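# Tertiary structure, described
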Amino acid sequence: MKLSDRWFFIVKLFLILFPVIGKCSRVIDLKRGWFFRNASEATWYPASVPGTVHTDLMANHLIPDPRTGTNEDSVQWIDTCSWEYKTVFILDSTFTVSRHQVLHFEGLDTYATVYLNDSRILQSDNMFRNFEVDIEGLVKPGENTLVVIFYNAVKRGKQLQQHLFPLPGGERVFTRKAAYQYGWDWSPRLITCGIWKKVFLESWGHTSIRDVQIIQKQLTDSFAILEAVIKVSSDTSATYLVRTEISGDTIPVNFSQTLRPGMNILRIEFAIEKPRRWWSNGLGEPYLYHLKMEGNMFMQEPEVKKLDVGLRTIELVRGKDRVGESFYFKLNGIPVFMKGANWVTPGNFLPEVSEAHKDSLLVSAMESHMNMIRVWGGGAYEDDSFYTACDRLGLLVWQDFMFSGGMYPWDSAFMSNVTEEVQQQVERLRNHPCIALWCGNNEIKEGWFNWGWQKEFHYSVIDSAAIWNGYLELFEKKIPDIIARNDAGRPYWPGSPSIGWGHDESLLSGDLHYWGVWWGMEPISKYNTRVGRFVSEYGFQGMPSPECIRMFGNTEEEPDSVFLKAHQKFQDGYRTMRNYLGKYFPVLSDFHSFCFASGLMQAEALRTAVEAHRRAMPVCMGSLAWQLNDCWPAVSWSTIDITGNWKPAQYALKRSFSTVIISAHLENSQIRVYVVSDSLSGFRGVLHATLMDFNGNVRWQQDRNVAIRYNSSSVQMQIDTALLTHTGSLENCVLVFVLESGKKIADSHYYFSLPVQQQLPESEVSVTYSGELGKLIVESKNVVRNLHIIINGSDLLPDNYFDVLPGKRYELYAGAYLKAPVIRYESLNDLYHDK
């Protein structure tokens, strides 16, 4: 037995014999017994912690739910008040005699003063920071009173603004608070406050592990070398023992070091032979090692820390090339096309958002073949469970810091505040293999140079220089310096996008937010030519599910009704939607047809964009749709509404993000047929092309043997349209492509005209239920576009809104046996015929 092993044996034996002496740490959750009141009133009401003032007011039936109907307007008074929270907790002497006693607030939103037994112990001014307060000597055995007073964030922001001068973004940019609470073009204005994360007491004896960082020093196929950097707080000089175990066949590593009073840094290096790498979704298993660290000092109970470790390398490659400058990620040395969506904070009142809801959204992203989620910078940093789920699902995270759509102050107090915020967030998240990129902000450089801010605010040359220098100081000096010190090697990007979408240069380098389609009212076909190096935002609105619309409190089925207007936060949303629908679809006879067609329009827009981006690889290497989710019942750009229902666009993304796709595109009278593959293996196969009319009559066929390279986009067939027009008019025809390699790998349908120009026949489709593992069988005698199946009121199926070809059998699995299911279906064809 080694000496260090003997030490561990002796310590554990001592603790068995003398257990009371060895108690190390104790945590007391202060989530119970809270009350709140308007600070100007006397009546106290029960409160929830974690929680917000809005949810507490709702729970006590003092306000209606502001997310339904038109209730948002009726609760605007809430953010003009101060609110007081109070609890009484009881401690025994074992806590108060501990050598260290700390009160933790993981999140206070936002301006708050905290009193403990009438002593002021904290003033907070940042929703995104956690606070630790030494309370030794301030607590006592028996009853203790904790009071938190929250102040008007809007008023405080305006007061701070007066000390400088107005900045784009208004008072919100002076306050470290989730920007979307102030209202966005998809979010209501609900400026809340409260103890929105855990609050708890902690005590410990002589030592405590305060942080563990795992640094990957080397990774090859033969071995990985890791270093654990452990911060241990100690109030004494003593020998400290650490035992490190990692899942697999790795031999535990024992380590000892003499501690000194204060914060001690312990560095333990260990190796893993034949390491298994962490891969993103679609490329391999996101393998995680389970690390356990046990530290103790003689006469003290061991303290255990557990975390998951993913071994991988990540690089952001930016280099000069024939087009301009590249912008792509390499994972484990492999260039990876990033497929994904933008994530907005999934609720107006964050403590209400369940882990299950977030997990469901992320699973939907994974099932849709996504490999990257961008956490947008106008919301809040997500909690640990979000990043743990991304680790597990193989979803890389583009992580914005929470700065968006405005210019921020640069005074010393603000800089000190956000420096601590960034430091805390980097330390909290750096062990997650999912984190691919730190990004400084969202659309600030874009706004400064392209949205007319300098002219709007009448800035002098001197003022403009001061504001821009403040931007450079924060996003190009302070934040990258923090990352270099605390998470060296992780890519950093100062702001997204790098160049505005109105400039041709935006297509040549950096990342692009392309909003010519929708905002610029350009045709959807414009997506085919406005392709950047990495498109990190693009989107199109679509109506949500009927279930979601019912949450609007709607009684009038018209977009112009007061209820639908209240839940559409983009000022020209319905006008823009109608404009596009009028150009693409036949006349829509009723509200249901309007909703159905708008969903198909959104799906077609995103399909067009994704296929254009993927065809252009390796010049374009990323496609992140705006937006995956919603924060409330809304008409927005989301592809999954607040109820969890997939819009047609989510199914379109799932198909377009598949590992292998066929994408046909008309270029100079030639239909160029691309096969795009993200697979790390090449293959040979046969590409079948068939031209048929909508009644299933075959007009032309062609087969071609193809060789598909791994991780590539290539033209595998070219068809002269003149060859096809000899068979007759093509308006009511579809060109069907199928790629086979022993089995079907991919298929695709190419239409020669827009729906408004087509004459789709009345559908002759049948949908039957076999009862075999919940199997649905779909067949048709003619071409049916965008078949939407609803079974027992739910349309969440492995595929939906898909095209059905005559003479072909489709099988879908509802996921469970259903007794006498009620099946309904509809399609684009129905818009042409009275049903």
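Residues numbered from 1 in each chain as written. Predicted model: local features only at pLDDT ≥ 70, side-chain atom pairs only at ≥ 80, totals over all residues. Heavy atoms only, no water.

## A closer look at the sheet that holds strand β19 (residues 262-273)
Here three strands make up an open sheet; going across it, the order is β15-β16-β19 and the pairing antiparallel. Each edge of the open sheet carries a strand with a single partner, namely β15 (207-219) and β19. In this sheet, neighbouring strand axes are inclined to one another by 20° on average, regardless of whether the strands run parallel or antiparallel. By the bridge criterion, 11 bridges tie β15 to strand β16 (residues 223-234) in an arrangement that is antiparallel. Across the sheet, the residue bridging to isoleucine 214 is alanine 228, located in β16. (Pairing = 2+ DSSP bridges. Helix = DSSP H or I, 4+ residues; strand = E, 2+ residues; numbered from the N terminus. Axes fitted to C-alpha atoms, helices over the stretch in contact; angles between N-to-C directions.)

## Observations concerning the sheet that holds strand β24 (residues 334-336)
Taken in spatial order, the three strands of this open sheet run β22-β23-β24, and their pairing is antiparallel. Single-partner strands in this sheet number two, and they are β22 (314-317) and β24. Put simply, the sheet's adjacent strands are angled 35° from each other on average, direction ignored.

## Let's talk about the environment of aspartate 411
Checked against the element boundaries, aspartate 411 lands in the loop between β27 (396-400) and α7 (412-429). Residues aspartate 411 and leucine 164 lie 247 residues apart in sequence; the distance between their C-alpha atoms is 8.8 Å. One polar contact links the side chain of aspartate 411 to the main-chain amide nitrogen of phenylalanine 414, over a distance of 3.1 Å. (Polar contact = N/O pair within 3.5 Å; in protein donor to acceptor, adjacent residues only side chain to side chain.)

## Examining the state of the cysteines
Taken as a whole, this structure holds zero disulfides when the rule is applied. Just so you know, cysteine 434 is unpaired, no disulfide at all, and the nearest cysteine sulfur is the one on cysteine 390, 5.0 Å from it. Given a relative accessible area of 0%, cysteine 434 falls into the buried group. Unpaired in terms of disulfides, cysteine 439 finds its nearest cysteine sulfur in cysteine 434, a separation of 16 Å. (Disulfide = S-S within 2.5 Å. Buried < 20%, exposed > 50% of the residue type's maximum accessible area, 1.4 Å probe, protein only.)

## What to know about the pattern of salt bridges
The final tally for this structure, using the stated rule, is 41 salt bridges. Of the charged contacts in the structure, one is a salt bridge between arginine 530 and aspartate 504, with a shortest N-O distance of 3.0 Å. Here arginine 530 is found in the loop between β30 (512-513) and β31 (535-537), whereas its partner aspartate 504 is found in the loop between β29 (492-493) and β30, with 26 residues between them in sequence. Under the relative-accessibility criterion, aspartate 504 is labelled exposed at 51%. A single network of salt bridges, built from pairs that share partners, joins Asp65, Arg67 and Glu352. (Salt bridge = Lys/Arg side-chain N within 4 Å of Asp/Glu carboxyl O.)

## Some thoughts on the side chain of asparagine 60
Within the secondary structure layout, asparagine 60 lies in the loop between α2 (53-59) and β4 (83-91). Discounting chain neighbours no more than four positions away, the residues touching asparagine 60 are Phe36, Tyr45 and Pro46. (Contact = heavy atoms within 4.5 Å.)

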